[in-house]
Amino acid sequence: MTSPDKPTAEPTFAMLCCANGAEKQVKQSIAAAGWRLAFSRPGFVTAKHDQPMPLPGGTFIRTAAHSIGHLKGADGETQVNRLIDLLDDTFAGGRTFDQLHVWPRDRLPIGKFGFEPGVDEVSKLVAQRIHTALVDRWVRGDQPNRIAEPGERVLDLVLVDPDDWMIGWHTAAKWHSRWPGGVQPIEPQYEPISRAYYKAAESITWSGFDFAPGDVVVEIGSAPGGACGRLLELGLKVIGIDPAEMDERIADHPRFKHLRARAGDLPRREFRNVKWLLADSNVKPEKTLTTIEHIVTHRECSLSGMLLTMKLGNYDAAGRIDAWLKQIQTWNPVDVQVRQLARNRCEVCIAVQLR
C-alpha cells in the first residue's frame, strides 16, 4: 500500500498540469529522466517511471502529483463513492490528508475567449461535495482549496472533464505547490486595471524577493498600469516606463512617477537608487535583454532583483530560453529562476537575484 509519507512503490506514476499548449515542452523535459508517457489531454499529462522517483518539475510544469487513480463516467454520487473506495484500497488504515485541492485542467489557451486558469464554479461545487464526504476521515482541512502550508499532505483531484477525475497526492513545499492547481488565490483591494496585476502578484510571491514598503521599483512596459497597481498596494515607490498613457488611477497616485519614454532611450541616472525592476514589454526578448543589460552593467546600478517576462510567441520558441539564461549569467547574478507562471500566456518569467 502507498502512504503519503513515503515514496511511491515501483513503478512511479505522476500527473502533471500545465498551460494548454505547453504539453510538448512538458513531455520533452521529463523524457530524458526516463519517464514514459501515458494518458494526456491539453493542459494535462500523466507519465510512468519504472523506478521510485521524485515528482518531476520544470519550467512548464505547473503542478505535479503522485497519481493513484482515474475515475470516469459515473454520476456524481457514484463518483464520490468510487473515490472513497479508491482511497480505502490505496491507503490502508485511513491515513488522512491535510488539504483537499480540486481544480480543472486548462481547457483553452490562457487568454483565448477570456479564459483564465484556476478553480472555476464547477470545480468549487465538486470540491464541496467531495470535502463533505471525506472530511474527518480522509481530510483534516475545514474547507477545500485552502492554501497548504509547507509539509502538508494534499489530496489532489483534477477535473480532466466534469465527469472525468484524476486522483493523486503531493506534499506542499514551494509556493506553487501550496496553491490549488498551482494558481495563486488573490483578492485585489480594487478592480485591477489589467490582468498584469495578477502576473505581478504571482511573480513576486513565486520569486521569494523581499519587496518592502518604501522600496523603489521600476516597471518597463508599465501601461496601462495593472502591475503598477499591485506594486502600489505593497507600499512601493513605483516608476513606470512606457511611451503609452497610464490609467489615471495610477498616474495620479502620490507614489507613482511616469517616464513617458522607452527604457533604452533613458539616461542611466534614472535608475539610481532603484532596488527592483519588472519588465513586461511587447518586444522581442533579445531586445529586452539588451536594454536590461545596459542598466545592470552600469557602475551605479543598485538593483537587488528583477522579474522579466519573456514573450515566446509560440511554444516551439522555448528552445531559446537557454540562450537567454546564458546571457543573464554574464551579469553575475546570485540566483536565476525561470517558470511559466500560471498567469503567463505563451511566455515565461525569469527571476534574477543580483545581490
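Residues numbered from 1 in each chain as written. Predicted model: local features only at pLDDT ≥ 70, side-chain atom pairs only at ≥ 80, totals over all residues. Heavy atoms only, no water.

Let's talk about the state of the cysteines
Linking two cysteines covalently through their sulfur atoms gives a disulfide. As a reminder, the rule being used: A pair of cysteine sulfur atoms is labelled a disulfide when the two atoms are within 2.5 Å.
In total, this model carries 0 disulfides according to the counting rule given. You can see cysteine 18 has no disulfide; the closest cysteine sulfur is in cysteine 17, sitting 7.3 Å from it. Cysteine cysteine 349 remains unbridged, with the sulfur of cysteine 346 as its closest cysteine sulfur at 15 Å.

A few points about the confidence of the model for the chain
Interpretation of this model should avoid reading the predicted coordinates in detail wherever pLDDT is low. Spelled out, the test is: Along the chain, pLDDT gives the predictor's confidence residue by residue, from 0 to 100. The helix and strand labels rest on DSSP assignments: H or I over at least four residues marks a helix, E over at least two residues marks a strand, and numbering proceeds from the N terminus.
Mean pLDDT for the chain: 93, with 97% of residues reaching 70 or above. Across the chain, element-level confidence peaks in strand S5 (residues 99-104) with a mean pLDDT of 98 and bottoms out in helix H8 (residues 285-296) with 91.

Examining the layout of surface pockets
Stated formally: Detection works on a 1 Å grid of protein atoms alone, calling trapped sets that fit a 1.4 Å probe cavities and calling open sets with protein on both sides within 12 Å along at least five of seven lines pockets, with lining residues defined by an atom within 4 Å of a point. Grid points are joined across faces, edges and corners, and a volume is the space filled by probe spheres set on the points.
In this structure, the largest pocket spans a volume of roughly 690 Å³. If you trace the largest pocket, you find 34 residues lining it, with Gly221, Asp280, Ser281, Asn282 and Val283 closest to the centre. Where the lining of the largest pocket is concerned, the elements lending two or more residues are helix H5 (196-207), strand S8 (216-220) and H8. Ranked by residues supplied to the lining of the largest pocket, first place goes to H8 with 5 residues.

A word on the environment of valine 154
Put simply, the rule is: Between buried and exposed lies partly exposed: a residue is buried under 20% and exposed over 50% of the maximum accessible area for its type, with that area taken using a 1.4 Å probe on protein chains only. The contact rule is simple, with two residues in contact once any of their heavy atoms fall within 4.5 Å.
Within the secondary structure, valine 154 sits in strand S6 (residues 153-161). Taking relative accessible area as the criterion, valine 154 reaches 0% and is therefore assigned buried. For the pair valine 154 and valine 45, spaced 109 residues apart in sequence, the C-alpha to C-alpha distance is 19 Å. If we skip the residues at most four places from it in the chain, valine 154 touches Phe97, Gln99, His101, Ala148, Gly168, Trp169, His170 and Ala172.

Some thoughts on the sheet that holds strand S13 (residues 335-339)
Note the threshold: In short, DSSP must find at least two bridges between two strands for them to pair. Convention adopted: a line fitted to C-alpha atoms gives each axis, helices being fitted over their contacting stretch, and angles between N-to-C directions are expressed from 0 to 180 degrees.
Across the sheet, which stays open at both edges, the 7 strands sit in the order S10-S9-S8-S11-S12-S14-S13 with mixed pairing between neighbours. Two strands lie at the open edges of the sheet, namely strand S10 (256-259) and S13, each paired on one side alone. Strand-to-strand twist across the sheet, computed as the mean angle between neighbouring axes with direction ignored, equals 15°. Bridge count for strand S9 (residues 237-241) against S10 is 4 bridges, and the pairing is parallel. Bridge assignment links valine 238 to a residue of S10, and that residue is phenylalanine 256. On the sheet, H8 packs against S8, strand S11 (276-279) and strand S12 (305-311) and is oriented at approximately 165° with respect to S12.

Some points on the packing of H8 against helix H9 (residues 321-329)
If you want to describe how two helices pack, look at the angle between their axes and the distance between the axes. Note the threshold: Throughout, the term roughly parallel applies to angles under 35 degrees, roughly antiparallel to angles over 145, roughly perpendicular to angles from 65 to 115, and oblique to all others. Under the convention adopted here, Pro, Cys and the residues Ala, Val, Leu, Ile, Met, Phe, Trp and Tyr are nonpolar, Asp, Glu, Lys and Arg are charged, and Gly plus all remaining residues are polar.
Between H8 and H9, the shortest axis-to-axis distance is 11 Å and the interhelical angle comes to 5°. Classified by the interaxial angle, the pair formed by H8 and H9 is roughly parallel. Residue-level contacts link Pro285, Glu286, Leu289, Thr290 and Glu293 of H8 to Trp324, Gln327 and Ile328 of H9. Class assignment for the residues of the contact of H8 with H9 results in 4 nonpolar, 2 polar and 2 charged.

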